[in-house]
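Observations on chain architecture
Below are the chains, spelled out letter by letter.
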Amino acid sequence: NTNSQNTISAANIYPATYQSGLPTFNSTYNSNSYYSFLDTGTNTLSLSNSGLTTCASPYTSWLCPSNTTTLNIGNYNSQNNLINSPISIANAFNLLNSNNSAFNNIGTVIPSGIGGQFIDYGLPFFYGKNIQIVFNGSNSNIGTGPFWAW
């Protein structure tokens, strides 16, 4: 059970389904369907088929748009409503060559061939948000996991 100080009060709940063994929720970007997941262990925002320019070799897995670009991603919540969750992607080469060590807008490419199109909302997605993760079989004040809420 959840301690009283850890109750969930998020506006949207994203129930998990499983794709390629990963707990995911459904998203859309540029009229394409994606399987999305939250991942604090990844230090980037990662997408399959983002349409953004990648960095020059040997850094081709990093996204390097010429200008910071906002991607208007829609995520389907538990009521199957499409909720806008925009993310910004800046030039990774410039970011990595700055004196900073944490970025809220750094992106990488998820390679094709892993069983579908994915969006990995890595650690930068968490910055400035109140996000709850309820693990499979865990109870909370709004239901049993697995789901994400923010």
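Whatever comes next refers back to the structure up there.
Notes on the structure in this doc start here. (Residues numbered from 1 in each chain as written. Predicted model: local features only at pLDDT ≥ 70, side-chain atom pairs only at ≥ 80, totals over all residues. Heavy atoms only, no water.)

1. Some remarks on the sheet that holds strand β1 (residues 13-15)
The cut-off we apply is this: Two strands pair if DSSP finds at least two bridges between them. Segments assigned H or I by DSSP are reported as helices when at least four residues long, segments assigned E as strands when at least two residues long, and all are numbered from the N terminus. Only the stretch in contact is used when a helix axis is fitted, and all axes are lines through C-alpha atoms; the angle between N-to-C directions ranges over 0 to 180 degrees.
On the basis of which strands lie adjacent, the open sheet formed by 3 strands has the order β1-β15-β12 and antiparallel pairing. Of all the strands in the sheet, the pair left with one neighbour each is β1 and β12 (132-134). This sheet shows a mean twist of 15° between the axes of neighbouring strands, independent of strand direction. Here β12 pairs with strand β15 (residues 147-149) via 3 bridges, running antiparallel. In the sheet register, Gln-132 faces β15, and the bridge partner there is Ala-149.

2. Observations regarding the state of the cysteines
Operational definition: In what follows, a disulfide is any cysteine sulfur pair within 2.5 Å. When a residue's accessible area, from a 1.4 Å probe over protein chains only, is under 20% of the maximum for its type it is buried; when over 50% it is exposed; and in between it is partly exposed.
Overall, the coordinates contain 1 disulfide when judged by the stated rule. There is a disulfide in this structure between Cys-55 and Cys-64, and the S-S distance comes to 1.7 Å. Torsion about the S-S bond of the Cys-55 and Cys-64 cystine: about 65°, corresponding to right-handed handedness. Summarising the burial analysis for this pair, Cys-55 and Cys-64 share the class buried.

3. A word on the layout of surface pockets
To find leftover empty space, one rolls a probe the size of a water molecule over the atoms. How we decide: Grid points spaced at 1 Å over the protein atoms alone were grouped into cavities, where a 1.4 Å probe fits but cannot get out, and pockets, open sets with protein on both sides within 12 Å along at least five of seven lines, with lining residues defined by an atom within 4 Å of a point. Grid points are joined across faces, edges and corners, and a volume is the space filled by probe spheres set on the points. Side-chain classes are defined by residue name, with Ala, Val, Leu, Ile, Met, Phe, Trp, Tyr, Cys and Pro counting as nonpolar, Asp, Glu, Lys and Arg as charged, and the others, Gly among them, as polar.
The space that makes up the largest pocket amounts to roughly 190 Å³. The wall of the largest pocket is formed by 15 residues, among which Pro-23, Leu-38, Ile-133, Phe-135 and Trp-148 lie closest to the centre. Within the residue set of the lining of the largest pocket, elements represented by two or more residues are β3 (22-29), β4 (32-38), β12 and β15. Residues that form the lining of the largest pocket fall into these classes: 12 nonpolar, 2 polar and 1 charged.

4. A word on unusual backbone geometry
At the junction of Ser-57 and Pro-58, the peptide bond is cis and its omega measures out at 10° in the coordinates. Note that Pro-58 resides in the loop between β5 (45-47) and β6 (69-71). Cis peptide bonds are those with omega within 30 degrees of zero, and the linkage from Gly-145 to Pro-146 qualifies with 20°. Residue position: Pro-146 is located in the loop between β14 (143-144) and β15. We note that Ser-20 has phi near 55°; this positive angle belongs to a residue other than glycine. In this structure, Ser-20 sits in the loop between β2 (17-19) and β3. Classification of Ser-20 as partly exposed rests on a relative accessible area of 46%. In this model, Asn-30 sits at a positive phi of 50°, which is unusual for a non-glycine residue. Here Asn-30 lies in the loop between β3 and β4.

5. Some remarks on the packing of aromatic side chains
Stated precisely, the cut-off is as follows: The aromatic pairing rule takes the rings of Phe, Tyr and Trp, using the six-membered ring of Trp, and pairs them if the centres are within 6.5 Å, calling planes under 30 degrees apart stacked, those over 60 edge-to-face and the rest tilted. Over a ring means this: the NZ of a Lys or the CZ of an Arg is within 6 Å of the ring centre and within 35 degrees of the ring normal.
Enumeration over the complete set of coordinates arrives at 11 aromatic pairs. Residues Tyr-29 and Tyr-34 carry aromatic rings whose centres are separated by 6.3 Å and whose planes lie at 55° to one another, so their mutual orientation is tilted. Comparing Tyr-29 with Tyr-34, the two get one shared label, buried. Here the aromatic residues Tyr-14, Phe-25, Tyr-121, Phe-125, Trp-148 and Trp-150 are joined through ring pairs into a cluster of three or more. Directly above the aromatic system of Phe-125 lies the positively charged group of Lys-129, at a separation of 4.2 Å from the ring centroid.

6. Section: the side chain of Asn-12
Put simply, the rule reads: Under this definition, polar contacts are N or O atom pairs within 3.5 Å; protein pairs additionally need one hydrogen-donor-capable and one acceptor-capable atom, and for neighbouring residues in sequence, both atoms have to be side-chain atoms. Whether two residues are in contact is decided by their heavy atoms: any pair within 4.5 Å suffices.
With respect to the helices and strands, Asn-12 occurs in the segment before β1. Asn-12 gets classed as buried once you look at its relative accessible area, which sits at 14%. Here the side chain of Asn-12 touches Asn-77 through a polar contact of 2.7 Å, side chain to side chain. Ignoring sequence-local partners within four residues, the contact set of Asn-12 consists of Asn-77, Ile-83, Trp-148, Ala-149 and Trp-150.

These values are about where atoms sit, not about what they do.
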